[in-house]
Amino acid sequence: MDILIVEDEPEIARLLQMTLETEGFSCHICRDGLVALRAFQEQQPDLIVLDLMLPSLDGLEVCARIRQKSGLKDPYILMLTAKGEEIDRVIGLSTGADDYLVKPFSPRELVARVRALLRRSLRQGGQQQIYRTQHFIVDVEQHSASRQLDPTSAEILDLTTLEFNLLTTFISNPGRVWNRTQLIDKLWGSDFFGDERVVDTHVARLRKKIELDPANPAFIKTIVGVGYKFEDPTV
Ligand code: CA
């Protein structure tokens, strides 16, 4: 899932990015309305977190122009507003925003809103949740994963739910380096209490199922002192 963050205040932009990337989303930041419109056309994000007060073109105008574009993926738009009169302008949502969030907001609240919007897209069937890389296909809705090591034969992988979720987390962000805390948050939730090395156990099990040589993994790489990353070219 790709999220475009449009926010001119650097600290809030960083907080948004950190919070959403921890949840496994890939994020791109713009600080200006016109730049955001270009980024939207080039990247076609699934969701846009859009600040109302922006230089050059405000959030309402950005929102209106995005909604006028046809032929491009229609993203979900979560508007950010400061307290006060701004809310009244947005609250009718006649602007084309799907939801709004009032500053200051907590990271937890932000994540809940983003997830609620993306769940809505799943219900509408608008989002195809299939990840393909050179050697793997993961179909989230079907809960199936397969591996294809040569062009003539594919094999269905027999994974536990946890292994499946771990593979999905990796494959949805190829090349991203995950630390153990981030993986625990993704797989068990942020209220997990226990030993972080539980992650290593599940990574080892997943490697046994997806790697040709689990002792010399080609796909799930260990990043010493940090954690893990998944490498396989997307197709
Ligand atoms: Ca602003």
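Conventions and cut-offs
Residues numbered from 1 in each chain as written. Predicted model: local features only at pLDDT ≥ 70, side-chain atom pairs only at ≥ 80, totals over all residues. Heavy atoms only, no water. Pairing = 2+ DSSP bridges. Helix = DSSP H or I, 4+ residues; strand = E, 2+ residues; numbered from the N terminus. Axes fitted to C-alpha atoms, helices over the stretch in contact; angles between N-to-C directions. Contact = heavy atoms within 4.5 Å. Parallel < 35°, antiparallel > 145°, perpendicular 65-115°, else oblique. Nonpolar A, V, L, I, M, F, W, Y, C, P; charged D, E, K, R; others polar. Salt bridge = Lys/Arg side-chain N within 4 Å of Asp/Glu carboxyl O.

Draft legend 1. Quick look at the sheet that holds strand 9 (residues 153-156). Taken in spatial order, the four strands of this open sheet run 6-7-8-9, and their pairing is antiparallel. For this open sheet the edge positions go to strand 6 (130-132) and strand 9, each flanked by a neighbour on one side alone. Recorded for the sheet is a direction-independent mean angle of 15° between the axes of neighbouring strands. Where strand 8 (residues 144-150) meets strand 9, three bridges bridge the pair, whose relative direction is antiparallel. Bridge pairing links Asp150 to Ser153 in strand 9. Each of strand 6, strand 7 (136-139) and strand 8 touches helix 6 (residues 161-171); the most contacted strand, strand 7, lies at about 115° to it.

Draft legend 2. Geometry of the sheet that holds strand 11 (residues 220-223). Spatial strand order, 10-12-11: three strands in an open sheet with antiparallel pairing. Here the strands that pair on one side only, and so sit at the sheet edges, are strand 10 (177-179) and strand 11. Strand-to-strand, the axes of this sheet are offset by a mean angle of 30°, without reference to chain direction. Examined bridge by bridge, strand 10 and strand 12 (residues 227-230) share three bridges and lie antiparallel to one another.

Draft legend 3. Local environment of the packing of helix 6 against helix 8 (residues 198-210). Viewed as axis vectors pointing N to C, helix 6 and helix 8 meet at an angle of 85°, and their least axial separation amounts to 10 Å. Classed by the angle they form, the pair helix 6 and helix 8 counts as roughly perpendicular. From helix 6, Leu162, Glu163, Leu166, Leu167 and Phe170 reach across to helix 8, where they touch His202, Val203, Arg205, Leu206, Lys209 and Ile210. Grouping the constituent residues of the contact of helix 6 with helix 8 by class yields seven nonpolar, one polar and three charged.

Draft legend 4. The pattern of salt bridges, seen in detail. Going through the model one piece at a time under the given rule, you end up with 11 salt bridges. Residues Glu23 and Arg115 are paired through a salt bridge, measuring 2.8 Å at the closest nitrogen-oxygen approach. Of the two residues, Glu23 sits in the loop between helix 1 (10-22) and strand 2 (26-30) while Arg115 sits in helix 5 (residues 107-123), which places them 92 residues apart along the sequence. The salt bridge involving Lys221 is made with Glu231; its shortest N-O contact spans 2.8 Å. Separated by 10 residues along the polypeptide, Lys221 in strand 11 and Glu231 in the segment after strand 12 bring together distant segments of the chain. Via salt bridges that share partners, Glu7, Glu9, Asp51 and Lys103 belong to a single interconnected network.

These figures come from the coordinates and say nothing about function on their own.
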